[in-house]
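# Observations on the model geometry
Chain residues, written in single-letter form:
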Amino acid sequence: MGSDRFASLKGRAGRVLLAVSGGIAAYKAPELVRALVKGGHNVRCTLTPAAERFVSPLVLSTLCGARVRSALFDSTEEGEIDHIALADWAELVIVAPATAHLLARMAHGLADDLTTTLLLATRAPVLAVPAMNVNMWRHPATQQNLVLLRERGVRFLGPEAGELACGWEGEGRMSEPSAIAAMAGLLLTPPTLAGEVLLVTAGGTREAIDPVRAITNRSSGKMGFAIASEAARRGAQVVLVAGPTSLATPLGVRRVDVESALEMQLAVQRELVSATVVIMTAAVSDFRVAKPADRKIRKEDLPPGAGLSLELVRNPDILKQIGEEKGRRIVVGFAAESHDLVENARKKLVAKKCDIIVANDITREGSGFDVDANAVVFVWPGGGVEELPLLSKLEVAGRLLDHVEKLRDARQGGAPGTKADG
Ligand code: PMT
């Protein structure tokens, strides 16, 4: 997992309590504290008695700038924050690594040491980052504990699959400190889109000519992935229907991979039921090959020097269909234009019954397909337009979601979170 996946996920900085439990992955705790401090967080640490055997309290206290606690009944120094005050102080509690034993104690509400007492006392969100042997992870006891904890709102990151310290291969590795720090920022960000279910499409579609050839376009998926990532950061449930791309799935996003426009249409229809906001950034092919060959077309099988004609048929207009049955959903379309930007975008806004069209001038240098930036114009019903400068796709995503939130608030009289009609 590359750290650039998290580079754009700054989130809000806050008061983070890191509870380290006793597994070999505790050796990553100092790196995690550094990543959290670098992210601007105010960090305090606790160690379970077993964790003290894997990582030195002195290292952690030097990195976070506060005394590291491990005993429930400590000889409290003057001015020392007591354990309940520490539980109240935290805006986020991270348990990393979270061993099978600690998860079991959390699931069953035990409070037999400082860490489990804090976990029972805190009202802050809890992020658990499991690390253990693959068989311990897969054991029904652990899996049932996870179900219990998830039901109670504990968030999980990982474990990742790979080679484990115990010699086994499989899921059980602790997620990287950069990923945990990014997730912390995400969880501390005010959830302005909580209660909303965003359906985002991204990338180009791939229309088969034969088993090896296809018609596609230059869309990389970056614009849609940026929107999905920013929406997740704002607390939305996000499903990302993605055409072929090598981009990594943003944190907290559910991804559905598709290839063709027909597959995208099917996936969108399936997900539309629960969506409250739909954002179509995908560059959907308007045409597909009428009869893709089921075997590779060989030039040797054609008359010498002969060309090849393909019959193309129209693909469904997915956004237009959504517009027809939008109910109270907020529907956003994109328009990639090479001329008459606003005029063409406005035609699409009306034809596809969108609430906003994001028009991009794809002739502009450094903007549009397969680059990290975009220069867009928001076009609204009623004649309004807003032209943005060249911004990173993540910034465009933020500006767009600010408008989605305003629309949502205007429709609901300021009360977020009401589901769309049928
Ligand atoms: O993926 P990137 O490399 O980051 O590039 C981003 C982008 C340039 C692809 C993106 O910003 C963009 O402009 N996406 C829309 C591209 C496009 O195909 O526009 P369009 O004018 O053909 O379609 C208009 C709208 O209808 C779009 O929301 C599209 O998703 C939708 N549509 C189009 C055709 C079709 N058959 N079904 C659709 O739903």
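In this text, all values refer to a predicted model and were calculated from it rather than measured experimentally. (Residues numbered from 1 in each chain as written. Predicted model: local features only at pLDDT ≥ 70, side-chain atom pairs only at ≥ 80, totals over all residues. Heavy atoms only, no water.)

### Describing helix α8 (residues 177–188)
Helix length check: α8, at twelve residues, gives a terminal C-alpha distance of 16 Å against a target of 16 Å (1.5 Å per residue), a fit within 8%. The element α8 is largely enclosed, with a buried count of eleven among its twelve residues. When α8 is considered as a whole, its buried residues turn out to be P177, A179, I180, A181, A182, M183, A184, G185, L186, L187 and L188. Turning to α8, the residues buried within the fold contact β1 (15–20), α1 (29–38), β3 (92–98), β4 (126–130), β5 (155–156) and α9 (222–233). (Helix = DSSP H or I, 4+ residues; strand = E, 2+ residues; numbered from the N terminus. Expected span 1.5 Å × (residues − 1). Buried < 20%, exposed > 50% of the residue type's maximum accessible area, 1.4 Å probe, protein only. Contact = heavy atoms within 4.5 Å.)

### Some remarks on the side chain of T281
Here T281 lies in the loop between β13 (277–280) and β14 (287–289). Taking the relative accessible area as the measure of exposure, T281 reaches 12% and is therefore buried. At 2.5 Å, the side chain of T281 forms a polar contact with the backbone oxygen of T201. Discounting chain neighbours no more than four positions away, the residues touching T281 are T201, A202, M223, G224, I227 and F334. (Polar contact = N/O pair within 3.5 Å; in protein donor to acceptor, adjacent residues only side chain to side chain.)

### Thoughts on the packing of α9 against helix α13 (residues 393–412)
Running from N to C, α9 and α13 point in directions that differ by 55°, and their axes come no closer than 8 Å. One way to sum up the angle between α9 and α13 is to call them oblique. The element α9 and its partner α13 pack so that their crossing is right-handed. On the side of α9, the interface is formed by K222, M223, A226, I227, S229, E230 and A231, while α13 contributes K393, L394, V396, A397, G398, L400 and L401. (Axes fitted to C-alpha atoms, helices over the stretch in contact; angles between N-to-C directions. Parallel < 35°, antiparallel > 145°, perpendicular 65-115°, else oblique. Left-handed = near helix turned anticlockwise from the far one by under 90°.)

### Considering the domain arrangement of the protein
Domains assigned within the protein are domain 1 (3–188) and domain 2 (197–412). Using only C-alpha atoms to locate each centre, domain 1 and domain 2 end up separated by 38 Å. (Domains from an automatic or database assignment.)

### Here's the deal with the site of the ligand
In the vicinity of the ligand, 27 residues are found, and the nearest of them are S219, S220, K348, N360 and D370. P316 places a polar main-chain atom, nitrogen or oxygen, 3.0 Å from a nitrogen atom of the ligand. The fraction of the free accessible surface of the ligand (770 Å²) that becomes covered by protein chains is 95%. Elements with a minimum of two residues in the shell around the ligand: α9, α11 (318–324) and β16 (330–337). (Near = heavy atom within 4 Å. Areas by Shrake-Rupley, 256 points an atom, 1.4 Å probe, with all protein chains shown as cover.)

### Re the pattern of salt bridges
When charged atoms on two side chains of opposite charge get close, those side chains can pair. Under the criterion given, the structure shown has 25 salt bridges. The closest approach of N and O atoms between R105 and D112, which form a salt bridge, is 2.7 Å. Since its relative accessible area comes to 9%, R105 is described here as buried. Linking D409 and R408 is a salt bridge whose minimum nitrogen-to-oxygen distance equals 2.5 Å. You can call R408 buried: its relative accessible area is 6%. The network of salt bridges with shared partners includes E230, R233, R234, D402 and E405. (Salt bridge = Lys/Arg side-chain N within 4 Å of Asp/Glu carboxyl O.)

### Re the packing of aromatic side chains
Enumeration according to the criterion identifies one aromatic pair in this entry. One cation-aromatic arrangement involves R44 over W89; the distance from NZ or CZ to the ring centre is 5.0 Å. (Phe/Tyr/Trp six-rings, centres within 6.5 Å; stacked < 30°, edge-to-face > 60°. Lys NZ or Arg CZ within 6 Å of the ring centre and 35° of its normal.)

### Focus on the nonpolar core
With 36 residues, the main nonpolar core has V20, L60, I94 and I180 as its most contacted residues. Looking at this core, the elements with two or more residues in it are β1, α1, β2 (42–47), α2 (57–64), β3, β4 and α8. Sorting elements by how many residues they give to this core places α8 first, with nine residues. (Core = buried A, V, L, I, M, F, W, Y, C linked by side-chain atoms within 4.5 Å.)

### With respect to the side chain of T46
Following the sequence through the fold, T46 ends up in strand β2. Using a relative accessible area of 0% as the deciding quantity, one classes T46 as buried. Polar contacts involving the side chain of T46 include one to the side chain of T115, which spans 3.3 Å.

### Description of the sheet that holds strand β11 (residues 237–242)
Reading across the sheet, the eight strands line up as β12-β11-β8-β13-β16-β17-β19-β20 and stay open at both edges, with mixed pairing between neighbours. Two strands bound the open sheet, and with one partner strand each, they are β12 (253–257) and β20 (385–387). Neighbour-to-neighbour, the strand axes of the sheet open up by a mean angle of 15°, direction not taken into account. With six bridges connecting them, strand β8 (residues 197–202) and β11 associate as parallel partners. Bridge pairing in β11 places L198 opposite V238. α9 contacts β8, β11, β12, β13 and β16 of the sheet and is inclined by roughly 170° relative to β11. Set on the sheet, helix α10 (residues 261–272) makes contact with β8, β11, β12 and β13; between it and β8 the angle comes to about 175°. (Pairing = 2+ DSSP bridges.)

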